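Spelled out, the chains give:
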Amino acid sequence: MSNYRRASRAGGTYFFTVALLKRRGNDLLVREIDLLRRAVPDVMLRDPFRTHGWVVLPDHLHCVIELPEGDTDFPARWRLIKGAFSKGLPKNEHRSTVRVRRGERDIWQRRYWEHLIRDEADYRAHMDYVHINPLKHGLVQRVADWPYSTFHRLVAAGLYPPDWADGSRAANVPFDD
């Protein structure tokens, strides 16, 4: 088994990209958004974390979360979130021989991208990336038009203006997925 090196800091804040196995033309995450909306809080009750930013797109999601003091176990949280979501779906997907042998579903990519947030500038850049992603992917003309995002909560808290990233800022986001 591969030994992946992950940056970790107890109580750290992390950016994640988590994707479906089959991405092209797949809208499973928004089609089954209520299932995901139940899975995440259920995991948070058992293994707490703080959500700073989150966006769900048709075939992947991005988020910035913070773990409790002394805690570095984000892999367990993703395993539980993916598992709870998958268990709520009918078992009608084709599974590869390897996934059948491992008892896995053909829903999620096994791995995910994580990044330990280093400082305030890094935090701000990743929060902006999370929220601009629906615009970047051409799903909306304005960030405020995408319903599956913490952007609306952060606007209500006064952290973003309602007209932020009206289309002119898309080229300034330094990340790509």
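Our structure is the block above this text.
Residues numbered from 1 in each chain as written. Predicted model: local features only at pLDDT ≥ 70, side-chain atom pairs only at ≥ 80, totals over all residues. Heavy atoms only, no water.

### Section: the overall build of the chain
So, step 1. On a plain count of helices and strands, the chain comes out with six helices and four strands.
So, step 2. For the chain, the sequential pattern of α-helices and β-strands runs β-α-α-β-β-α-α-β-α-α.
So, step 3. Against the globule reference of 16 Å for 177 residues, the chain gives a C-alpha radius of gyration of 17 Å, in line with a compact fold.
So, step 4. Taken over the C-alpha atoms alone, the chain extends approximately 50 × 40 × 30 Å along its principal axes.
So, step 5. In the chain, buried positions account for 46% of the 177 residues.
So, step 6. Across the chain, the centroid of the 29 positively charged side chains sits 7 Å from that of the 23 negatively charged ones. (Helix = DSSP H or I, 4+ residues; strand = E, 2+ residues; numbered from the N terminus. Rg over C-alpha atoms; globule rule 2.2 N^0.38 Å. Buried < 20%, exposed > 50% of the residue type's maximum accessible area, 1.4 Å probe, protein only. Lys, Arg positive; Asp, Glu negative; His and termini not counted. Charge placed at Lys NZ, Arg CZ, Asp CG, Glu CD.)

### Comments concerning the sheet that holds strand 3 (residues 60–66)
Across a sheet, paired strands are connected by hydrogen bonds in the backbone, their directions being either parallel or antiparallel.
So, step 1. Strand order in the open sheet formed by four strands is 2-3-1-4, and the pairing between neighbours is antiparallel. For this open sheet the edge positions go to strand 2 (50–56) and strand 4 (113–116), each flanked by a neighbour on one side alone. Strand-to-strand, the axes of this sheet are offset by a mean angle of 10°, without reference to chain direction.
So, step 2. Note that strand 2 and strand 3 share six bridges and pair antiparallel. Among the inter-strand pairings, Gly-53 is bridged to a residue of strand 3, identified as Val-64.
So, step 3. Running at roughly 35° to strand 1 (residues 13–19), helix 3 (residues 74–87) makes contact with strand 1, strand 2, strand 3 and strand 4 of the sheet.
So, step 4. Contacts from helix 5 (residues 120–136) reach strand 1, strand 2, strand 3 and strand 4 within the one sheet, and its direction differs from that of strand 2 by about 30°. (Pairing = 2+ DSSP bridges. Axes fitted to C-alpha atoms, helices over the stretch in contact; angles between N-to-C directions. Contact = heavy atoms within 4.5 Å.)

### Some words on the pattern of salt bridges
Where side chains of opposite charge bring their charged atoms close, a pairing between them can arise.
So, step 1. Considering all chains together, one arrives at ten salt bridges under this definition.
So, step 2. For Lys-22, the salt bridge goes to Asp-106, with nearest N and O atoms at 3.6 Å. Within this pair, whereas Lys-22 is found in the loop between strand 1 and helix 1 (28–31), its partner Asp-106 is found in the loop between helix 4 (97–102) and strand 4, the two being separated by 84 residues in sequence.
So, step 3. Looking at Lys-22, the relative accessible area reads 44%, which means it is partly exposed. (Salt bridge = Lys/Arg side-chain N within 4 Å of Asp/Glu carboxyl O.)

### A closer look at the pairing of strand 3
So, step 1. For strand 3, the buried fraction is high: six of the seven residues fall into the buried class.
So, step 2. Sheet topology places strand 1 next to strand 3; seven bridges connect them, and they run antiparallel. Residue pairing for strand 3: Thr-17 is matched across the bridge by His-62.

### Re helix 5
So, step 1. Here helix 5 contains 17 residues, and its C-alpha end-to-end distance of 23 Å stays within 8% of the 24 Å for a straight helix at 1.5 Å per residue.
So, step 2. The sharpest bend along helix 5 comes to roughly 35°, located at Val-130, with the proline Pro-134 sitting one to four residues further on.
So, step 3. Taking burial as the measure, the 17 residues of helix 5 include twelve buried ones, the bulk of the element.
So, step 4. Within the sequence span of helix 5, burial applies to Asp-122, Tyr-123, His-126, Met-127, Asp-128, Tyr-129, Val-130, His-131, Ile-132, Asn-133, Pro-134 and Leu-135.
So, step 5. If you follow the buried residues of helix 5, they end up packed against strand 1, strand 2, strand 3, strand 4 and helix 6 (151–156).
So, step 6. Structurally, the start of helix 5 carries an N-cap: the backbone nitrogen of Ala-121 is 3.2 Å from a side-chain oxygen of Asp-119.
So, step 7. A positive backbone phi angle near 75° is found at Gly-138, which sits one or two residues after helix 5. (Expected span 1.5 Å × (residues − 1). Bend = angle between axes of the 7 residues up to and from the residue. Polar contact = N/O pair within 3.5 Å; in protein donor to acceptor, adjacent residues only side chain to side chain.)

### Describing the environment of His-52
So, step 1. Along the chain, His-52 falls in strand 2.
So, step 2. It is 9.7 Å that separates the C-alpha atoms of His-52 and Phe-15, two residues lying 37 residues apart in sequence.
So, step 3. Among all residues touching His-52, those that are not within four sequence positions of it are Thr-13, Val-64, Ile-65, Glu-66, Tyr-123, Met-127, Thr-150, Arg-153 and Leu-154.

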